[in-house]
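# Close look at the chain arrangement
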Amino acid sequence: MSGIRIRGTGCSLPRQTVTNQDLSRMVETSDEWIYARTGIRERRRCVEESQCELALNAARAALEMAGASPADIGVCLVPTITPDYITPSTACMLQKELGMPEDTVCFDLSAACSGFVFGLHTAQALLAYSRRKYGLIVCSEVLSRITDYTDRGTCILFGDGAGAAVVEYSDRYAPMPSVLGARGEWESLYAPGLGRGEPPVLHMGGTQVFKFAVETVPECIRALLDRAGLTPEDVDQFVFHQANRRILERVMKKMGIPEEKVWMNMEHYGNVSSASTAIALDDAVRAGRLAPGQKALCCAFGGGLTWAGALVELA
């Protein structure tokens, strides 16, 4: 059986930084209050950049690291909940902008914060039937578009950015183990769509999402390691969705994972939905925390409610 490995990663971030002090001038909050509850000090926000522009820059960075060209790509997926257009998909726009072949499978994928891992799993399945064995997964989010900056419970959390990965499918690689799931408790985390008669901004029950995460993430990790026949000690780096430091600390305690094995960067970027895990993976790779042949356990949770985990290896 064949599988995928990651050949390259990349990210793209807006120029504007919004600090906790900046937010304290919009809502009743403070740097100390936000950081103590979330681990976040700042996040990025688009002013001139579009969601597709972020995606394009992240994709180019990942292709450069992979040593691959757009002509090598057989599958292009864009996990996102904040595309520039309802149609065409951002993935189709990337096909034109990058010059990928016209028979490249291109579509956007909506799994909220779990989108990057859903994209890895989907790419592995689709590449089995592609003539070209490289896949491009680009998570790009402009959450500032759907954030209510008068709501202290949500505006402190979310940021904008894009993260990407180029994967290679080969019979030299074992199948990538993955675990995915959904629980349709949409009321806990949602943003209304067109024609709903209410502002299209994020609504979140923070307590419900926290409880969901600290229950589901350890279960996902256990199921994934069991499927792979591995233990936490066999994993070189854990790369989680960067929603909240307290959630990750609870997960580490439950699973007995040492902090030095967990990459965290929410301090600088906040929660970037689908792009969060992809940006964290790129940061870890570029910081030298992951090298070819090493294993990263990526795990995410989010709106849907969804969860997803994958054990990825760098080529």
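Look above for the structure.
Computed from a predicted model, the values in this text were never measured in an experiment.

Turning next to the nonpolar core. Residues Ile-221, Phe-240, Ile-247, Ile-257 and Leu-297 are the most contacted members of the largest nonpolar core, which totals 44 residues. With ten residues, helix 7 (residues 206-228) is the single largest residue contributor to this core. In this structure Ile-257 touches Ile-221, Phe-238, Phe-240, Met-252 and Val-262, once residues within four positions along its chain are discounted. Grouped together as the second largest cluster of nonpolar side chains are 33 residues, Ile-4, Val-239, Leu-281 and Ala-308 included.

Tallied over the full model, the rule gives 15 salt bridges. Among the salt bridges present, the one from Arg-41 reaches Glu-267, with a minimum N-O distance of 3.8 Å. Taken together, the residues Arg-41 in the loop between helix 2 (31-38) and strand 3 (42-45) and Glu-267 in helix 9 (residues 266-269) connect sequence positions 226 residues apart. Judged by relative accessible area, which is 31%, Arg-41 ranks as partly exposed.

Taken in spatial order, the five strands make up an open sheet running 1-7-6-4-5, and their pairing is mixed. Where the open sheet ends on each side, the last strands, each with one partner, are strand 1 (3-12) and strand 5 (105-109). Pairwise comparison of adjacent strand axes, ignoring direction, gives a mean angle of 15° for this sheet. Pairing analysis gives nine bridges linking strand 1 to strand 7 (residues 160-170), with the strands arranged antiparallel. Its bridge partner lying in strand 7, Gly-3 is registered against Ser-170. Set on the sheet, helix 4 (residues 90-98) makes contact with strand 4 (73-79), strand 5 and strand 6 (134-142); between it and strand 5 the angle comes to about 140°. Across the face of the sheet, helix 5 (residues 115-127) comes into contact with strand 1, strand 4, strand 5, strand 6 and strand 7 while running at roughly 155° to strand 4.

What follows concerns the side chain of Thr-29. Tracing the chain through its elements places Thr-29 in the loop between helix 1 (20-24) and helix 2. Judged by relative accessible area, Thr-29 falls into the buried class, the value being 16%. Setting aside residues up to four positions removed in sequence, Thr-29 forms contacts with Leu-23, Ser-24, Ile-34 and Arg-152.

Quick look at the packing of aromatic side chains now. Counted by the stated rule, this structure contains three aromatic pairs. Here Phe-212 and Trp-307 contribute two aromatic rings whose centre-to-centre distance is 6.1 Å and whose plane-to-plane angle is 55°, an arrangement assigned as tilted. With Phe-212 in helix 7 and Trp-307 in strand 14 (residues 306-313), this residue pair connects regions lying 95 residues apart in the sequence. According to the relative accessible area criterion, Phe-212 is buried, its value standing at 3%. On the numbers, 6.0 Å between centres and 20° between planes, the contact of Phe-238 with Phe-240 is stacked. With relative accessibility at 1%, the residue Phe-238 sits in the buried group.

This part covers unusual backbone geometry. Residues Thr-87 and Pro-88 are joined by a peptide bond in cis, for which omega reads 5°. Within the secondary structure, Pro-88 is located in the loop between strand 4 and helix 4. With phi around 55°, Ala-112 is a residue other than glycine that occupies positive phi space. In this structure, Ser-273 takes a positive phi of about 50° despite not being glycine. Within the fold, Ser-273 resides in the loop between helix 9 and helix 10 (274-286). The class for Ser-273 is buried, based on a relative accessible area of 2%.

Following the sequence through the fold, Asp-31 ends up in helix 2. Residue classification places Asp-31 among the buried positions, given a relative accessible area of 14%. Not counting chain neighbours up to four residues away, the residues in contact with Asp-31 comprise Asn-20, Gln-21 and Arg-41.

Read from one edge to the other, the open sheet built from five strands follows the order 8-14-13-11-12, with strand pairing classed as mixed. Each edge of the sheet is formed by a strand with only one pairing partner; in this case those strands are strand 8 (178-182) and strand 12 (262-263). Note: strand 11 (residues 237-240) against strand 13 (residues 295-302), four bridges, orientation parallel. Across the sheet, the residue bridging to Val-239 is Cys-298, located in strand 13.

Right, let's talk about the side chain of Asn-244 for a bit. Relative to the helices and strands, Asn-244 resides in the loop between strand 11 and helix 8 (245-255). Polar contacts involving the side chain of Asn-244 include one to the main-chain amide nitrogen of Arg-246, which spans 2.7 Å. Not counting the four nearest positions on each side in its chain, Asn-244 is found in contact with Arg-37, Thr-38 and Met-266.

Structurally, Tyr-85 can be placed in the loop between strand 4 and helix 4. Linking Tyr-85 and His-203, residues 118 residues apart in sequence, is a C-alpha distance of 22 Å.

The rules behind each value
Residues numbered from 1 in each chain as written. Predicted model: local features only at pLDDT ≥ 70, side-chain atom pairs only at ≥ 80, totals over all residues. Heavy atoms only, no water. Core = buried A, V, L, I, M, F, W, Y, C linked by side-chain atoms within 4.5 Å. Buried < 20%, exposed > 50% of the residue type's maximum accessible area, 1.4 Å probe, protein only. Helix = DSSP H or I, 4+ residues; strand = E, 2+ residues; numbered from the N terminus. Contact = heavy atoms within 4.5 Å. Salt bridge = Lys/Arg side-chain N within 4 Å of Asp/Glu carboxyl O. Pairing = 2+ DSSP bridges. Axes fitted to C-alpha atoms, helices over the stretch in contact; angles between N-to-C directions. Phe/Tyr/Trp six-rings, centres within 6.5 Å; stacked < 30°, edge-to-face > 60°. Polar contact = N/O pair within 3.5 Å; in protein donor to acceptor, adjacent residues only side chain to side chain.

The analysis is restricted to geometry; functional conclusions fall outside its scope.
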